[in-house]
Amino acid sequence: MKQSDWLLPGYRDVPELVQHGLPLSKAFLWSRGHVEGNTYPDELHALPPQIIIGAQYVQTAGIALGLKKNGSDEVAFTYTGDGGTSQGDFYEGVNFAGAFKAPAIFVVQNNGYAISVPREKQTAAVTLAQKAVAAGVPGIQVDGMDALAVYQVMHEAREFVAAGNGPVLIETLTYRYGPHTLSGDDPTRYRSKETDDLWQKRDPLVRMRNYLTEKGIWSQEQEDALIEKTKEEIKAAINEADQAPKQTVSRFLKDTYEVAPQNVAEQLAQFQAKESN
Ligand SMILES: Cc1ncc(C[n+]2csc(CCOP(=O)(O)OP(=O)(O)O)c2C)c(N)n1
Ligand SMILES: [Mg+2]
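Every value quoted in this text rests on a predicted model; they were computed, and no experiment measured them.

Participant: Looking at this structure, how should I read the overall build of the chain?
Facilitator: For the chain, the helix and strand inventory stands at 11 helices and 7 strands. Expressed along its principal axes, the backbone C-alpha trace of the chain runs to roughly 60 × 50 × 40 Å. The proportion of buried residues among the 277 residues of the chain is 36%. Put simply, of all contacts in the chain between residues at least 6 apart along the chain, 69% involve residues at least 24 apart. Separation between the mean location of the 27 positive side-chain charges and that of the 36 negative ones in the chain comes to 3 Å.

What follows is the structure in C-alpha cells.
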C-alpha cells in the first residue's frame, strides 16, 4: 500500500490499520469501545474497522469510485473473511467496482472458519477467488502463510489496479489459530488437533524467521531486541490510552451525527446538562 491509499478494515484488521498509521494507543481505545479510538487524523486514509460482515466491500466500491472520479491515483483496500463472501454485500461491492472499473483491492482472508462454520459449508464454489470471475474481475488465490508470496501478489495487483484496469480480488489461504473471539468460543468442538498441528507447521512467522536466518540476515539477538522494543511501545501506548478523557454520551452522539436529528439533539442537550453537573 502507498501511504495515501485507503484502507477499509474489518474487525480482524487492526494490525493493517496500525501499519497504515493509526497510533497504537488509538487501537487500544478502539478495542475498549472509546470514541477516541475512532477519531482519525485527516492524513490517515482509513475507515474504522467494520463489524457488519461484508459491509466494507460496498463502502470500498464507493470510495474507489470516488477516487476514480476525482482523478486520484490512490487505491482502496479492503478485507473480509471466508464467511464474509456469503454475504450479499460481498457480491454487490465486487460487481459494482468491476462494472465501473473502480480502483479497489478486495482481500478475502480464508481462515477456514466463520466462527464454527467450516469453509466447505459456506459455498459449493471450489475457491473463493473464483467468485470474482462472474463479476468480470480477476480473482487470485495465494498462500496466505507465505509473506513474500502475499507481498508479490498484492504488489502486482496494486500496479494493475492503479493503471486503471479495475479491481482485483485476492483470496489468502490462512488459519485462525485461536478461538473466534475470547468470549466463549471453543474450537475443540468443531476442529481436530491434527488440523491445528498441520497449520502450525505453516506458521508465517516461523517460515519467515527460518528464511531470514538461512540468508544470514536475522538472529536470535535481533529478535530478542525487537521483542523488547515492541513491548516498550505497547506499554507506552497503553499508558497513553489510559490518559484519554472519560467517554461521555454527548461526545458519542456528537461524533455520530454531523447534524443531529431533533430527537437526538434533545437527548444531546439532556446529556450535556447532566455531564456538566
Ligand atoms: C451481518 C453480520 N452477520 C453476522 C455477524 C456475526 N458474526 C461476527 S463474526 C462472524 C463470522 C465471520 O466469519 P469470516 O467472514 O470467515 O471471518 P473471520 O472471523 O473468520 O475472520 C459472524 C457471523 C455480523 N457481525 N454481521
Ligand atoms: Mg473465517
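Participant: Looking at this structure, I do not really get the site of ligand 1. What am I missing?
Facilitator: Neighbouring ligand 1 are 15 residues; Tyr11, Arg12, Gly83, Gly84 and Tyr113 lie closest to it. Between ligand 1 and the protein, one listed contact pairs an oxygen atom with a side-chain N or O atom of Arg12 at 2.7 Å. Between ligand 1 and Gly83, the relevant distance is 2.8 Å, taken from an oxygen atom to a main-chain nitrogen or oxygen of the residue. About the coverage of ligand 1: the protein hides 71% of its 590 Å² of free accessible area.

Participant: Looking at this model, I keep getting lost on the pattern of salt bridges. Mind explaining?
Facilitator: In the structure shown here, the tally under the stated rule is 14 salt bridges. Note that Lys193 and Asp197 form a salt bridge whose closest N and O atoms lie 2.8 Å from each other. Of this pair, Lys193 and Asp197 both sit in helix 7 (residues 193-200), 4 residues apart, which is roughly one turn of that helix. Given the relative accessible area of 57%, Lys193 is considered exposed. Classification of Asp197 as partly exposed rests on a relative accessible area of 33%. Glu232 is the partner of Lys235 in a salt bridge, and the nearest nitrogen-oxygen pair spans 3.5 Å. Within this pair, Lys235 and its partner Glu232 are both found in helix 9 (residues 220-242), separated by 3 residues, close to a single helical turn. Since its relative accessible area comes to 45%, Glu232 is described here as partly exposed. Among the charged side chains, a salt-bridge network with shared partners connects Lys26, Glu36, Arg251 and Asp255.

Participant: What am I meant to see in the coordination of the magnesium ion (ligand 2) here?
Facilitator: Four donors placed tetrahedrally around a metal ideally meet at 109.5 degrees, and six donors placed octahedrally ideally meet at 90 or 180 degrees. Here the magnesium ion (ligand 2) is held by Asp82 (OD), Asn111 (OD1) and Tyr113 (O), and the distances to it run 2.1 Å. Motif for the magnesium ion (ligand 2), donor spacing along one chain: D-x28-N-x1-Y. Remark: Asn111 occurs in the loop between strand 3 (104-110) and strand 4 (113-114) and Asp82 occurs in the loop between strand 2 (76-81) and helix 4 (88-99); sequence separation between them is 29 residues.

Participant: What am I meant to see in the nonpolar core here?
Facilitator: What tends to happen in soluble globular proteins is that the nonpolar side chains get buried as a cluster. Formed by 21 residues in total, the largest nonpolar core has its most connected members in Ile105, Met154 and Ile170. Secondary-structure elements contributing two or more residues to this core are helix 1 (14-20), strand 2, strand 3, helix 6 (147-165) and strand 7 (168-173). When residues of this core are assigned to their parent elements, the largest contribution, 5 residues, is made by helix 6. Among residues more than four places away in sequence, those in contact with Ile170 are Ile105, Phe106, Val107, Val108, Ile140, Val142, Val153, Met154 and Ala157. Core analysis: the next-biggest nonpolar cluster, separate from the first, contains 18 residues, Ala64, Ala97, Phe106 and Ala129 among them.

Participant: Is there a simple way to explain the pairing of strand 6 (residues 139-143) in this structure?
Facilitator: The side chains of a regular strand alternate between both faces of the sheet. Of the pairings in the sheet, the one linking strand 6 to strand 7 comprises 5 bridges and is parallel in character. By the bridge assignment for strand 7, Asp143 is matched with Leu173. After leaving strand 6, the chain enters helix 6 and then returns to the sheet as strand 7, a path that is right-handed.

How each quantity is defined
Residues numbered from 1 in each chain as written. Chains lettered and ligands numbered in written order. Predicted model: local features only at pLDDT ≥ 70, side-chain atom pairs only at ≥ 80, totals over all residues. Heavy atoms only, no water. Helix = DSSP H or I, 4+ residues; strand = E, 2+ residues; numbered from the N terminus. Buried < 20%, exposed > 50% of the residue type's maximum accessible area, 1.4 Å probe, protein only. Contact = heavy atoms within 4.5 Å. Lys, Arg positive; Asp, Glu negative; His and termini not counted. Charge placed at Lys NZ, Arg CZ, Asp CG, Glu CD. Near = heavy atom within 4 Å. Polar contact = N/O pair within 3.5 Å; in protein donor to acceptor, adjacent residues only side chain to side chain. Areas by Shrake-Rupley, 256 points an atom, 1.4 Å probe, with all protein chains shown as cover. Salt bridge = Lys/Arg side-chain N within 4 Å of Asp/Glu carboxyl O. Donors = N, O, S within 2.8 Å, 3.2 Å for Na, K, Ca; no water. Core = buried A, V, L, I, M, F, W, Y, C linked by side-chain atoms within 4.5 Å. Pairing = 2+ DSSP bridges. Right-handed = clockwise from strand over helix to strand, strands pointing away.

Read these as spatial facts, not as claims about activity.
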